[in-house]
Amino acid sequence: VVQEYNNSILAMTGQIFNVGVIIFFFMSGFLYGDKEITNVGKWISNRFVRLMLPIYIFLIYLLVIFLFQKK
């Protein structure tokens, strides 16, 4: 909405409402900070797979669409 309507007051309110992202990061960090990690290597590999697997699946999907689109 802010990009569609070139209004400075609307742009200022957009900055106020973006505080939810910052709160999410603080809450996530707090909740992860409370967990005990016994094996750091296993934790990192599990997080890597958990984050990267959906990204690679999506990229393969985009590659298929890109290769089969009509030129």
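Residues numbered from 1 in each chain as written. Predicted model: local features only at pLDDT ≥ 70, side-chain atom pairs only at ≥ 80, totals over all residues. Heavy atoms only, no water.

Peer 1: Even after reading the chapter, I still don't get the overall build of the protein chain, so can you show me in this structure?
Peer 2: When helices and strands are counted, the protein chain shows three helices and zero strands. Traced from its N-terminal end to its C-terminal end, the protein chain shows the element sequence α-α-α. For the protein chain, whose C-alpha radius of gyration is 20 Å, the value lies well above the compact-globule estimate of 11 Å for 71 residues. Its C-alpha atoms put the protein chain at 50 × 45 × 10 Å along the principal axes. (Helix = DSSP H or I, 4+ residues; strand = E, 2+ residues; numbered from the N terminus. Rg over C-alpha atoms; globule rule 2.2 N^0.38 Å.)

Peer 1: What am I meant to see in the environment of Met52 here?
Peer 2: Secondary-structure assignment places Met52 in helix α3 (residues 40-68). The class for Met52 is partly exposed, based on a relative accessible area of 22%. Distance in space between the C-alpha atoms of Met52 and Asn18 is 26 Å, their sequence separation being 34 residues. (Buried < 20%, exposed > 50% of the residue type's maximum accessible area, 1.4 Å probe, protein only.)

Peer 1: How should I be thinking about the packing of aromatic side chains in this particular structure?
Peer 2: Each aromatic ring pair is described using two quantities: the centre-to-centre distance and the angle formed by the ring planes. As enumerated under the stated definition, the model contains two aromatic pairs in all. On the basis of an interplanar angle of 35° and a centroid distance of 6.4 Å, the ring pair of Phe58 and Tyr61 is categorised as tilted. Residue Phe58 and its partner Tyr61 are both found in helix α3; the two are separated by three residues, about one turn of the helix. (Phe/Tyr/Trp six-rings, centres within 6.5 Å; stacked < 30°, edge-to-face > 60°.)

Peer 1: Would you mind showing me how to read α3 here?
Peer 2: Given 3.6 residues per helical turn, the α-helix brings residues three or four places apart onto the same face. Over its 29 residues, α3 extends 42 Å from the first C-alpha to the last, a length consistent with the 42 Å expected when each residue adds 1.5 Å. Maximum bend of α3: about 30°, positioned at Met52, with proline Pro54 one to four residues after it. The distance from a side-chain oxygen at the start of α3 to the backbone nitrogen of Gly41 is 3.4 Å, and the residue carrying that oxygen is Asn39. (Expected span 1.5 Å × (residues − 1). Bend = angle between axes of the 7 residues up to and from the residue. Polar contact = N/O pair within 3.5 Å; in protein donor to acceptor, adjacent residues only side chain to side chain.)

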